[in-house]
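The lines below spell out each chain.
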Amino acid sequence: MSYTRTLMTILDRLDSTQEEALATVAERCADAIQNGGLIHLFGSGHSVIPTMDAFPRYGSFAGIHPLTDPRLMWHNVLGPGGVRELLWLERTEGYIKQYLDHEPLASGDVMVVYSHGGRNAAPVEAAMYAAERGLFTVAVTSVANLERPAEHSSGRRIAEICDVTIDTGVPVQDAIIEVDGWGRPTGGASTVVASVVSHEIVTRTAAVLAGRGVVVPTFVSPTVPGATVSSNDEVFADHQRRLHAAEGRDRK
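Heads up: these notes are all about the structure in this document.

Calculation rules
- Residues numbered from 1 in each chain as written.
- Predicted model: local features only at pLDDT ≥ 70, side-chain atom pairs only at ≥ 80, totals over all residues.
- Heavy atoms only, no water.
- Disulfide = S-S within 2.5 Å.
- Buried < 20%, exposed > 50% of the residue type's maximum accessible area, 1.4 Å probe, protein only.
- Core = buried A, V, L, I, M, F, W, Y, C linked by side-chain atoms within 4.5 Å.
- Helix = DSSP H or I, 4+ residues; strand = E, 2+ residues; numbered from the N terminus.
- Contact = heavy atoms within 4.5 Å.
- Phe/Tyr/Trp six-rings, centres within 6.5 Å; stacked < 30°, edge-to-face > 60°.
- Lys NZ or Arg CZ within 6 Å of the ring centre and 35° of its normal.
- Axes fitted to C-alpha atoms, helices over the stretch in contact; angles between N-to-C directions.
- Parallel < 35°, antiparallel > 145°, perpendicular 65-115°, else oblique.
- Left-handed = near helix turned anticlockwise from the far one by under 90°.
- Nonpolar A, V, L, I, M, F, W, Y, C, P; charged D, E, K, R; others polar.

1. Focus: the state of the cysteines
On inspection of all chains with the given rule, the structure shows zero disulfides. Cys 29 takes part in no disulfide bond, and the closest cysteine sulfur, belonging to Cys 162, lies 12 Å away. Of the residues examined, Cys 162 reaches a relative accessible area of 10% and is grouped as buried.

2. As for the nonpolar core
Val 112, Ile 166 and Ile 201 are the most contacted members of the largest nonpolar core, which has 40 residues in total. The biggest single contributor to this core is helix H2 (residues 19-34), with eight residues. Dropping the residues within four chain positions of it, Val 112 is found in contact with Ile 39, His 40, Leu 41, Phe 42, Val 138, Val 140 and Ile 201. Membership of the second largest hydrophobic core comes to 24 residues, among which are Leu 67, Leu 105, Ala 122 and Ala 130.

3. A word on the packing of aromatic side chains
Here the structure, examined in full by the defined rule, presents two aromatic pairs. A centroid spacing of 5.5 Å and a plane angle of 50° characterise the contact between Phe 55 and Phe 219, whose relative ring orientation is tilted. Taken together, the positions of Phe 55 in the loop between helix H3 (49-54) and strand S2 (64-67) and Phe 219 in the loop between helix H8 (190-211) and helix H9 (233-246) put the pair 164 residues apart, joining distant regions of the chain. A single burial state applies to Phe 55 and to Phe 219, both of which are buried. When the centroid spacing of 5.1 Å and the interplanar angle of 75° are considered together, the rings of Phe 219 and Phe 236 count as edge-to-face. Residue Phe 219 is located in the loop between H8 and H9, and its partner Phe 236 is located in helix H9; the two are separated by 17 residues in the primary sequence. Three or more aromatic residues joined by ring pairs make a cluster, and in this case those are Phe 55, Phe 219 and Phe 236. Just above the ring of Tyr 129 sits the side chain of Arg 133; from NZ or CZ to the centre is 3.4 Å.

4. Details of the packing of H2 against H8
For any two helices packed against each other, the geometry comes down to the angle between their axes and how far apart the axes lie. Closest axis-to-axis distance for the H2/H8 pair is 8 Å, and the angle between their directions is 60°. Overall, the two elements H2 and H8 adopt an arrangement that is oblique. Crossing hand, H2 versus H8: right-handed. Across from Glu 19, Leu 22, Ala 23, Val 25, Ala 26, Glu 27, Cys 29, Ala 30, Ile 33 and Gln 34 in H2, the residues of H8 making contact are Val 197, Glu 200, Ile 201, Arg 204, Thr 205, Val 208 and Leu 209. Here the contact of H2 with H8 is composed, by residue class, of eleven nonpolar, two polar and four charged.

Shown next as structure tokens:
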């Protein structure tokens, strides 16, 4: 089976099994946005990608707040800013608090934590940090990884910490295509499926807000009739207002 067909099978399962979890998350995200709060998105390594694809981009709205720490991303394969540094840091306990202490997380906000395995120190401690401060927490992970032992000293995985878990259904090995004679599976799937989850959250949250009569400034392509490049100025302005307001909110 091709990569695309295999991926479609995984996405079909996501669509048919995760409705309740996605609906719950959308309601809580809508509550946060309506109350002037933020939807924080956290990931490290490849799991940064679904946070960045959620906002800012066409079709997403103010109040979605990707937590993008350059130290937990890579801009090189080897050497400074390379993957090996990142892999070491995301497994190192105690770092995440130093980063999140300077971010506008507050009680009543939502924290979505992306991690295929859900076991590394970075996502585990991000989930714990948010939960301890009264945020509604969401794990986007593959539940199949719960069969593997925990790596964090707490003995917990993000699916065991967060209020709601959205199961991506991606197999533990992540890569989904076996090629005869190749020896190792190819074609990673977790990042693609997690990005779909991001847009499920964005679109479902917008639908909930619209049902309440609340409309939030939304990035729009200038190809949309009536829109121009300057149409998005209001999105930047509203997002900036929310971030500034967050500084005065309750940080437990």
